[in-house]
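Structural characterization, general
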Amino acid sequence: LLDAGAILHVKNRNTLWDEMFQLLLLFKEREGHFNVPQRHKENGMNLGLWLVTQRRQKGLEKMSAAREERLRETGFIFERNQDQWLEMYRLLLKFKEREGH
């Protein structure tokens, strides 16, 4: 069994993750995207570094499925270049429709 200190540590870590997640949602609502600069701070918290950590955790397969799902449900894309690729592809389709080739 975990002692009280270990339980408190896990609870605090989960609370911090939830707080950072909420800051990410606020950023997205205000800016319209998830491209948070690495050094960006939101309400005094280093949101940019937190996001880098989330991408790293996912890449190392150390992120819980629940956290990954919460992020994906918001439209967050873990692969930084994928959102840019999708935007360029959308523009290409728009060009093709307009120009006919």
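For the structure itself, look to the data block above.
What this report covers is the structure whose coordinates are included nearby. (Residues numbered from 1 in each chain as written. Predicted model: local features only at pLDDT ≥ 70, side-chain atom pairs only at ≥ 80, totals over all residues. Heavy atoms only, no water.)

Our focus in this paragraph is the overall build of the chain. When helices and strands are counted, the chain shows four helices and zero strands. Helices (α) and strands (β) of the chain occur, in sequence order from the N terminus, as α-α-α-α. The 101 residues of the chain split such that 19% are buried. Across the chain, the fraction of contacts at a sequence separation of at least 24, relative to all contacts at a separation of at least 6, is 38%. (Helix = DSSP H or I, 4+ residues; strand = E, 2+ residues; numbered from the N terminus. Buried < 20%, exposed > 50% of the residue type's maximum accessible area, 1.4 Å probe, protein only. Contact = heavy atoms within 4.5 Å.)

To continue, consider the side chain of Glu 42. Position of Glu 42 among the secondary structure elements: in the loop between helix H1 (4-31) and helix H2 (47-59). Judged by relative accessible area, which is 6%, Glu 42 ranks as buried. Among the polar contacts made by the side chain of Glu 42, one reaches the side chain of Arg 30 at a distance of 2.6 Å. Apart from residues lying up to four places away in sequence, Glu 42 is in contact with Leu 23, Phe 27, Arg 30 and Leu 47. (Polar contact = N/O pair within 3.5 Å; in protein donor to acceptor, adjacent residues only side chain to side chain.)

What follows is about the nonpolar core. The nonpolar side chains of a soluble globular protein tend to be buried, and buried together. Counting residues in hydrophobic clusters, the biggest one holds 15 residues, and the most contacted among them are Leu 24, Val 36, Leu 47, Trp 50, Leu 51, Leu 71 and Phe 76. Here this core takes six residues from H1, the largest share from any one element. Beyond its immediate chain neighbours, meaning those up to four positions away, Phe 76 contacts Phe 34, Leu 51, Arg 55 and Leu 71. (Core = buried A, V, L, I, M, F, W, Y, C linked by side-chain atoms within 4.5 Å.)

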